[in-house]
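Residue-level structure breakdown
Each chain, letter by letter, is given below.
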Amino acid sequence: MRDAKLSTEELTQALAKLPDWALREDEAAITRSFRFANFRQAFAFMTECALMAEKLDHHPEWFNVYSRVDVTLTTHDSGGITRRDIELATAMNRASSRPD
């Protein structure tokens, strides 16, 4: 069963609770760039997020260069942003704020 795409109101409310996440111009995804002190911290973040993504059965589009991890979340099957994107973004925010 596909996840339901969030309504504009639901998405607005969800983004208000997700610091530093932005709606992509086409409104089909949310994006964020995470910055870390070094590659090791960035990779540790990606490892933790990969485990979370597996549990949610929802996987990010991401790009890593040294201490930066750029993330795009969307639910391709639903053609936009769903609750699973919000759940993963919330988990990523928590993971990025953990002390080293």
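Let me begin by describing the structure that accompanies this report. It should be emphasised that the depicted structure is a prediction, and the values quoted were computed from it without experimental measurement. (Residues numbered from 1 in each chain as written. Predicted model: local features only at pLDDT ≥ 70, side-chain atom pairs only at ≥ 80, totals over all residues. Heavy atoms only, no water.)

Moving on: the packing of helix H2 (residues 39–56) against helix H3 (residues 83–96). Orientation of H2 relative to H3, taken along the N-to-C sense of each, is 150 degrees, at an axis distance of 10 Å. It follows that H2 is roughly antiparallel to H3 by the angle criterion. Crossing hand, H2 versus H3: right-handed. Contact with H2, carried on its side by Phe45, Glu48, Cys49, Met52, Ala53 and Leu56, involves Arg84, Glu87, Leu88, Ala91, Met92, Ala95 and Ser96 of H3 and no other residues of that element. (Axes fitted to C-alpha atoms, helices over the stretch in contact; angles between N-to-C directions. Helix = DSSP H or I, 4+ residues; strand = E, 2+ residues; numbered from the N terminus. Parallel < 35°, antiparallel > 145°, perpendicular 65-115°, else oblique. Left-handed = near helix turned anticlockwise from the far one by under 90°. Contact = heavy atoms within 4.5 Å.)

This next bit is on a nonpolar patch on the surface. Together, Phe39, Phe43, Phe63, Val65 and Tyr66 make up a nonpolar patch on the protein surface, roughly 520 Å² of accessible area in all. Residue assignment for the nonpolar patch shows that the elements contributing at least two residues are H2 and strand E3 (61–65). Tracing the chain through its elements places Val65 in strand E3. For Val65, a relative accessible area of 40% translates into the label partly exposed. (Patch = residues over 30% accessible without salt bridge, like charges linked within 9 Å, V, L, I, M, F, W, Y side chains within 5 Å. Areas by Shrake-Rupley, 256 points an atom, 1.4 Å probe, with all protein chains shown as cover. Salt bridge = Lys/Arg side-chain N within 4 Å of Asp/Glu carboxyl O. Buried < 20%, exposed > 50% of the residue type's maximum accessible area, 1.4 Å probe, protein only.)

Considering the arrangement of structural elements, one finds Leu56 in helix H2. Beyond its immediate sequence surroundings of up to four residues, Leu56 is in contact with Arg84, Glu87 and Leu88.

Counted under the stated rule, the structure contains 4 aromatic pairs. With 5.9 Å between their ring centres and 75 degrees between their planes, Trp21 and Phe34 make a pair best called edge-to-face. A residue pair is termed long-range when its members are at least 10 positions apart, and Trp21 in the loop between helix H1 (8–16) and strand E1 (22–23) and Phe34 in strand E2 (residues 30–35) qualify at 13 residues. A residue is classified by how much of its surface remains accessible, and Phe34, at 2% relative accessible area, is buried. Relative to Phe43, the ring of Phe39 lies with its centre 5.8 Å away and its plane at 35 degrees, an arrangement referred to as tilted. Within this pair, Phe39 and its partner Phe43 are both found in helix H2, separated by 4 residues, close to a single helical turn. Given the relative accessible area of 38%, Phe39 is considered partly exposed. (Phe/Tyr/Trp six-rings, centres within 6.5 Å; stacked < 30°, edge-to-face > 60°.)

This next bit is on the side chain of Thr74. Its location among the elements puts Thr74 in the loop between strand E4 (68–73) and H3. Judged by relative accessible area, which is 10%, Thr74 ranks as buried. Once residues lying within four places of it in the same chain are set aside, the contact partners of Thr74 are Ala28, Ala29, His58, Glu61, Gly80 and Asp85.

Turning to the pairing of E3, a few remarks are in order. With 5 bridges connecting them, E3 and E4 associate as antiparallel partners. Opposite Val65, over in E4, you have Arg68 as the bridge partner. In this antiparallel pair of consecutive strands, E3 and E4, the connection spans 2 residues, and Tyr66 shows a positive phi of 45 degrees. (Pairing = 2+ DSSP bridges.)

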